[in-house]
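# Coordinate inspection notes
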Amino acid sequence: MRKEQIKTNYYEAVNGEWLENAVIPGDQPSISAFLELHLGIEKTLMDLTSTWEKDQTGLNDNLKKFIKLYQMTKDFDKRNELGTKPFQVILDKINKLNSLKDLDIKFDEFALESIETPFGFAVMQDFMNSNNQVLYFGASDLFLPDTSYYKDEKSKEQLIGLFTATTTQLLSLFGFSKEEIEKLISEALAFDALLVPVTKSSVEKADYVKMYNPLKKAEVEKLTQNFPVMSHAEKLVKQEVDQLIITNLDFINAFDSIIDEKNFKIMKSWMIVSNILQFSSDLTDEIRVAGGAFGRALSGTKEARSKEKFAFYQAYNRFSQVVGLFYGENYFGPVAKNDVKTMVHEMIGIYKERITDNTWLNEKTKEKAIKKLSTLTVHVGYPDELPPYYDQFEIKGYENGSDLIQEKLAMTKIVSAFNFEKYNKEPNKNIWGMPASMVNAYYSPTNNQIVFPAAILQRPYYSIDQTPSENYGGIGAVMAHEISHAFDNNGAKFDETGSLNNWWTEEDLEAFNQKAKDMIALFDGVETGFGPCNGTLTVSENIADSGGIRCALEASKKNGHHSDEEFFANWARVWRSKASTEYRQLLLRVDVHGPSILRANMQLSNLPEFQEFYQIKESDQMYLPKEKMVSIW
Ligand SMILES: [Zn+2]
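Residues numbered from 1 in each chain as written. Predicted model: local features only at pLDDT ≥ 70, side-chain atom pairs only at ≥ 80, totals over all residues. Heavy atoms only, no water.

### As for the coordination of the zinc ion
- For the zinc ion, the full set of protein donor atoms is His 481 (NE2), His 485 (NE2), Glu 541 (OE) and Glu 541 (OE), at a range of 2.0 to 2.7 Å.
- Coordination at the zinc ion is irregular, judged from the 4 donor atoms that bind it and the angles of 52 to 135° they form at the metal.
- Look at where the donors of the zinc ion fall in the sequence and you get H-x3-H-x55-E. Here His 481, found in helix H21 (residues 468-484), pairs with Glu 541, found in helix H23 (residues 539-559); they are 60 residues apart in sequence, far enough to count as distant. Here His 481 and Glu 541 have matching classes, each one buried. (Donors = N, O, S within 2.8 Å, 3.2 Å for Na, K, Ca; no water. Tetrahedral: all angles 85-135°; square planar, octahedral: opposite > 155°, others 65-115°. Helix = DSSP H or I, 4+ residues; strand = E, 2+ residues; numbered from the N terminus. Buried < 20%, exposed > 50% of the residue type's maximum accessible area, 1.4 Å probe, protein only.)

### Some details on the sheet that holds strand S8 (residues 449-453)
- Spatial strand order, S6-S8-S7: 3 strands in an open sheet with mixed pairing. The outermost strands of the open sheet, each flanked by one partner alone, are strand S6 (377-381) and strand S7 (442-444). Across the sheet, the axes of successive neighbouring strands diverge by a mean angle of 15°, strand direction being ignored.
- When S7 meets S8, the two strands line up antiparallel, connected through 3 bridges. Within S8, the position partnered with Ser 444 by the bridge is Gln 449.
- Across the sheet, helix H18 (residues 333-357) is in contact with S6 and S8; its angle to S6 comes to roughly 145°. (Pairing = 2+ DSSP bridges. Axes fitted to C-alpha atoms, helices over the stretch in contact; angles between N-to-C directions. Contact = heavy atoms within 4.5 Å.)

### Some words on unusual backbone geometry
- The omega torsion across Arg 459 and Pro 460 is 5°, close enough to zero to call that bond cis.
- Counting through the fold element by element, Pro 460 comes out in the loop between S8 and H21.

### Points about the sheet that holds strand S2 (residues 119-126)
- Taken in spatial order, the 4 strands of this open sheet run S2-S3-S5-S4, and their pairing is mixed. A single partner strand is all that each edge strand has here, and the edge strands are S2 and strand S4 (213-216). For this sheet the average axis-to-axis angle between neighbouring strands, irrespective of direction, equals 40°.
- The pairing of strand S3 (residues 129-139) with strand S5 (residues 243-246) spans 2 bridges and is classified as parallel. When the bridges of S5 are listed, Tyr 136 appears paired with Ile 245.
- Set on the sheet, helix H13 (residues 249-258) makes contact with S2, S3, S4 and S5; between it and S3 the angle comes to about 45°.

### Some details on the pattern of salt bridges
- Per the stated rule, a full pass over the model turns up 34 salt bridges.
- Measuring nitrogen to oxygen at the nearest pair gives 3.5 Å for the salt bridge that ties Lys 78 to Glu 81. Remark: Glu 81 and Lys 78 occur in helix H4 (residues 76-82); sequence separation between them is 3 residues, near one turn of the helix.
- Its relative accessible area of 23% is what places Lys 78 among the partly exposed residues.
- Owing to a relative accessible area of 61%, Glu 81 belongs among the exposed residues under this scheme. (Salt bridge = Lys/Arg side-chain N within 4 Å of Asp/Glu carboxyl O.)

### Notes on the packing of helix H3 (residues 61-73) against helix H20 (residues 404-421)
- In the contact formed by H3 and H20, the axes pass within 10 Å of each other and the chain directions differ by 145°. Residues Leu 69, Met 72 and Thr 73 of H3 form the contact with H20, whose participating residues are Leu 404, Glu 407 and Met 411.
- Among the residues forming the contact of H3 with H20, the class breakdown is 4 nonpolar, 1 polar and 1 charged. (Nonpolar A, V, L, I, M, F, W, Y, C, P; charged D, E, K, R; others polar.)

### Section: the environment of Phe 326
- Along the chain, the position of Phe 326 falls in helix H17 (residues 307-331).
- Under the relative-accessibility criterion, Phe 326 is labelled partly exposed at 23%.
- Put simply, Phe 326 and Asn 60 are 266 residues apart on the chain and 9.8 Å apart in space, counted from C-alpha to C-alpha.
- Beyond its immediate stretch of four places on either side in the chain, Phe 326 contacts Leu 48, Trp 52, Leu 63 and Tyr 331.

### Observations concerning the packing of helix H6 (residues 100-113) against helix H12 (residues 229-237)
- Where H6 contacts H12, the two axes come as close as 10 Å, and the packing angle between them is 45°. By the angle between their axes, H6 is oblique relative to H12. For H6 against H12, the interelement crossing comes out right-handed. Contacts between H6 and H12 involve Asp 104, Phe 107, Asp 108, Ala 111 and Leu 112 from the first element and His 232, Lys 235 and Leu 236 from the second.
- Residue composition of the contact of H6 with H12, by class: 4 nonpolar, 1 polar and 3 charged. (Parallel < 35°, antiparallel > 145°, perpendicular 65-115°, else oblique. Left-handed = near helix turned anticlockwise from the far one by under 90°.)

### Things to note about the packing of aromatic side chains
- Under the criterion given, the structure shown has 51 aromatic pairs.
- Three or more aromatic residues joined by ring pairs form one cluster here, namely Trp 52, Phe 66, Phe 312, Tyr 313, Tyr 316, Phe 319, Phe 326, Tyr 389, Tyr 390, Phe 393 and Phe 418.
- Just above the ring of Tyr 149 sits the side chain of Arg 589; from NZ or CZ to the centre is 4.1 Å.
- In this structure, Arg 599 is placed above the aromatic ring of Trp 575, and the distance from its NZ or CZ to the ring centre is 3.8 Å. (Phe/Tyr/Trp six-rings, centres within 6.5 Å; stacked < 30°, edge-to-face > 60°. Lys NZ or Arg CZ within 6 Å of the ring centre and 35° of its normal.)

### Structural notes on the pairing of S5
- On S5, burial covers both faces: Gln 243 and Ile 245 on one face and Leu 244 and Ile 246 on the other are all buried.
- Two elements, S4 and S5, share 4 bridges in a ladder whose sense is antiparallel. Directly across from Pro 214, in S5, lies its bridge partner Ile 245.

### Some remarks on helix H26 (residues 596-605)
- Counting buried positions over the 10 residues of H26 gives 9, a clear majority of the element.
- Looking at H26, one finds that the buried residues are Ser 596, Leu 598, Arg 599, Ala 600, Asn 601, Met 602, Gln 603, Leu 604 and Ser 605.

### Digging into the environment of Leu 236
- Tracing the backbone through its elements, the reader meets Leu 236 in helix H12.
- Taking the relative accessible area as the measure of exposure, Leu 236 reaches 8% and is therefore buried.
- Taking the C-alpha atoms as reference, Leu 236 lies 9.4 Å from Ser 416; in sequence the two are 180 residues apart.
- Ignoring sequence-local partners within four residues, the contact set of Leu 236 consists of Phe 107, Asp 108, Ala 111, Leu 112, Phe 121 and Phe 420.

Note that all results are geometric; they support no functional claim without further evidence.
Laid out in structure tokens, this is it:
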């Protein structure tokens, strides 16, 4: 700890030495506590993979399929020999389209194979009734990561220039002539431009309840006269569909003016460019490197992943839950699983007490909040069940005339069929949204459920070698952070069953909304050295951090071996991160999580205990006047 920096910049006081010495890997945009753990797991999994390659005794069928796919992804000689030929199947399909009528004929096939089209469907839980699953409909993503880039002429020119240069290079590897490339890119960008005004910004998307806009069948039909959207919906789910959930009303309202025969030519070029970008990772080494160039430039990543790493991830990403389950069972195990479960329930208990003692809520709202906490389900370590589609996967291999694109299309079809099959059925809440080997955690508002994959349960978050206060400042705060998402500006709109339902008294809701506004104000415009923080974009995460640190601190104090310094220092430690300027600027625009330095410092400044313990005075940079402190949970 650099004592002299405690009152000016606590994050640097704790992490100064790390910040000086940490090296951002060439194929990453950043390094952080999260990423350090991730790199450790990456090594474990890559070592395991090469062991399995040599000896498959005892492996289950799905792990054997993973290895078989890995042997294909790592065979760059074969990939280079095949060149762009595997992509020709997709290119031919798109090239044969000459009108919206043709797209109408092929649309379901494209939807099942995840071949990019300007709009598409997804089956997800119904916000109004979390025990059912419904069909959502929306437009494809833009080429640039956020609408704000298009609004600012300077950034637009710069990024479109970058996109054009990297995509030109990529298309040239597919053998297109200079004229063809210019035409394809300018037309694709012209179509992209039509989508910009009807796409939500990252700030708008952060209010995710607003993507729930049910529209009756007849209304959808009225708005989509140029293309039979409803009949495709029914064909894909093989049932009658009475309504669609529109993720962005602006898009459906403009549907007929965008999806119009007169735009077909530019839409077709958009499809060619989008699919080349999407499938470039399945081709030669040169093409997969070129295909990642725009993303690397955007995030300030110096180099592409090595062939070895890339090949591993390509196979792993397809089988992540299968490999993750092996990791969880063998590197975490049932004893740790129970330990951590106990700790989560301890945090939920503290949370309940805090709600009971809360001074700004009425009894009626408190009762509902406690009900929500009592029904919160907790998943730790690794899941009890995997999605069933892995069992249907079949890897054919090059020896049977297959290639990576054929394999991808075959697996995608199985997954898509599984997803569309879920329509109008009860969801399986035992299936996780991330693999056990991922360093992360999440709260699902529609399941009222928190999930802690095995991977995050390591130092500095959690270790039996750390003091209890350090563990509370690490994993304890992460746990309480996830619990707090049940009560952030989005989660608070869902009830204990995971359905959208206002369970607040009018007065309490008003008080909560005012507090959320105060949280926005606390972070909004705060300089980070790379640009100001956007308080609105990051409000849900800041509410969760603030609830998380308060609840974890209380748990730590109750533990009996509490040390304020150990707790605060580990809180700051878990947020250590070093990143390229480009990556920091990108995150400031698109990430709902605030910049790590603020997650550490602002949340501590906002804590009376921190101010008192270090005797922070008005003249100190870490000072925040008590009347400006925002405490919600
Ligand atoms: Zn969060």
